[in-house]
Amino acid sequence: MKGRSLTEVLAGALVLLVTGSFLAYAVTNSGRGGFSGPGLTLSAKFERIDGLAPGADVRVAGVKVGSVVDQRIDPTTFLAVLTMRIDASLRMPADSSAEIASEGLLGGRFVSLVPGGADRILADGGEITITQSAISLESLLGRFIFSMTEAPARGGEAAPTQP
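All values derive from a computational prediction rather than experimental measurement.

Moving on to the pattern of salt bridges. Across all of its chains, the model carries four salt bridges by this definition. A salt bridge links Lys45 to Asp74; its shortest N-O distance comes to 3.0 Å. With Lys45 in strand β1 (residues 39–46) and Asp74 in the loop between β3 (63–73) and β4 (80–87), this pair connects stretches of sequence that are 29 residues apart. Judged by its relative accessible area of 28%, Lys45 falls in the partly exposed class. Residue class for Asp74 comes out buried when judged on its relative accessible area of 11%. Taken together, the shared-partner salt bridges connect Asp57, Arg59 and Lys64 into one network.

Structure, rendered in structure tokens:
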């Protein structure tokens, strides 16, 4: 078997270099890279955080401004406590709210921050007290199906059909 020629080795190295640069470009420009720079740590309590995991996006007006760094259960209230790290340049008003939103029917979940109008600004380690928990699609579908099966029984006869 012949040894590899210098041109084959250089062509392979070039392919690896181009592939690596495409991968680096994709990671840095996808918004999924690690959050860097000075950050502000905020917490919020939710009744349920279905499908939200550490590393999930934190967004303001649809723009990623941070990520979820921790989640735990408050042993007193049994609420889910999320710890988020957001860009320190954002001055979030104290009456801001946080809600868990979904990217779509099958998409992942993220925390959406809605700035309030208060003059007081949340400090590092502050807590967002106005929250809206995740809405369970399965629960909504179950309620809808249950209400549709119960509708004819409650209304007596079904509505007449047109000929």
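Turning to the nonpolar core, a few remarks are in order. Counting residues in hydrophobic clusters, the biggest one holds 24 residues, and the most contacted among them are Met84, Val111 and Leu113. Looking at this core, the elements with two or more residues in it are β1, β2 (57–60), β3, β4, β5 (97–102) and β6 (109–114). Val111 has contacts with Leu52, Asp57, Val58, Arg59, Val68, Leu82, Met84, Ala98 and Glu99, leaving out every residue within four places of it along the chain.

One ladder, built from three bridges, connects β2 with β6; its direction is parallel. Across the sheet, residue Val58 finds its bridge partner in β6, namely Val111. The sheet contact formed by β5 and β6 spans six bridges and is antiparallel. Its bridge partner being in β6, Ile100 is matched across the sheet by Val111.

This brings us to the environment of Phe110. Within the secondary structure, Phe110 is located in strand β6. Given the relative accessible area of 10%, Phe110 is considered buried. As for Phe110 and Val68, which are separated by 42 residues in sequence, their C-alpha atoms are 8.6 Å apart. In contact with Phe110, other than residues within four places in its own chain, are Leu52, Asp57, Arg59, Glu99, Ile100, Ala101, Ser102 and Glu103.

Counted by the stated rule, this structure contains zero aromatic pairs. Arg59 extends its terminal NZ or CZ atom over the ring of Phe110, reaching a point 4.1 Å from the ring centre.

With that out of the way, let us pick up the environment of Arg72. Along the chain, the position of Arg72 falls in strand β3. Since its relative accessible area comes to 46%, Arg72 is described here as partly exposed. Between the C-alpha atom of Arg72 and that of Leu82, which follows or precedes it by ten residues, the distance is 6.7 Å. Apart from residues lying up to four places away in sequence, Arg72 is in contact with Leu79, Ala80 and Val81.

Time to look at a nonpolar patch on the surface. On the surface, Leu14, Leu17, Val18 and Phe22 cluster together into a nonpolar patch covering about 430 Å² of accessible area. Within the secondary structure, Phe22 sits in helix α1 (residues 6–29). Judged by its relative accessible area of 57%, Phe22 is exposed.

Cut-offs and rules
- Residues numbered from 1 in each chain as written.
- Predicted model: local features only at pLDDT ≥ 70, side-chain atom pairs only at ≥ 80, totals over all residues.
- Heavy atoms only, no water.
- Salt bridge = Lys/Arg side-chain N within 4 Å of Asp/Glu carboxyl O.
- Helix = DSSP H or I, 4+ residues; strand = E, 2+ residues; numbered from the N terminus.
- Buried < 20%, exposed > 50% of the residue type's maximum accessible area, 1.4 Å probe, protein only.
- Core = buried A, V, L, I, M, F, W, Y, C linked by side-chain atoms within 4.5 Å.
- Contact = heavy atoms within 4.5 Å.
- Pairing = 2+ DSSP bridges.
- Phe/Tyr/Trp six-rings, centres within 6.5 Å; stacked < 30°, edge-to-face > 60°.
- Lys NZ or Arg CZ within 6 Å of the ring centre and 35° of its normal.
- Patch = residues over 30% accessible without salt bridge, like charges linked within 9 Å, V, L, I, M, F, W, Y side chains within 5 Å.
- Areas by Shrake-Rupley, 256 points an atom, 1.4 Å probe, with all protein chains shown as cover.

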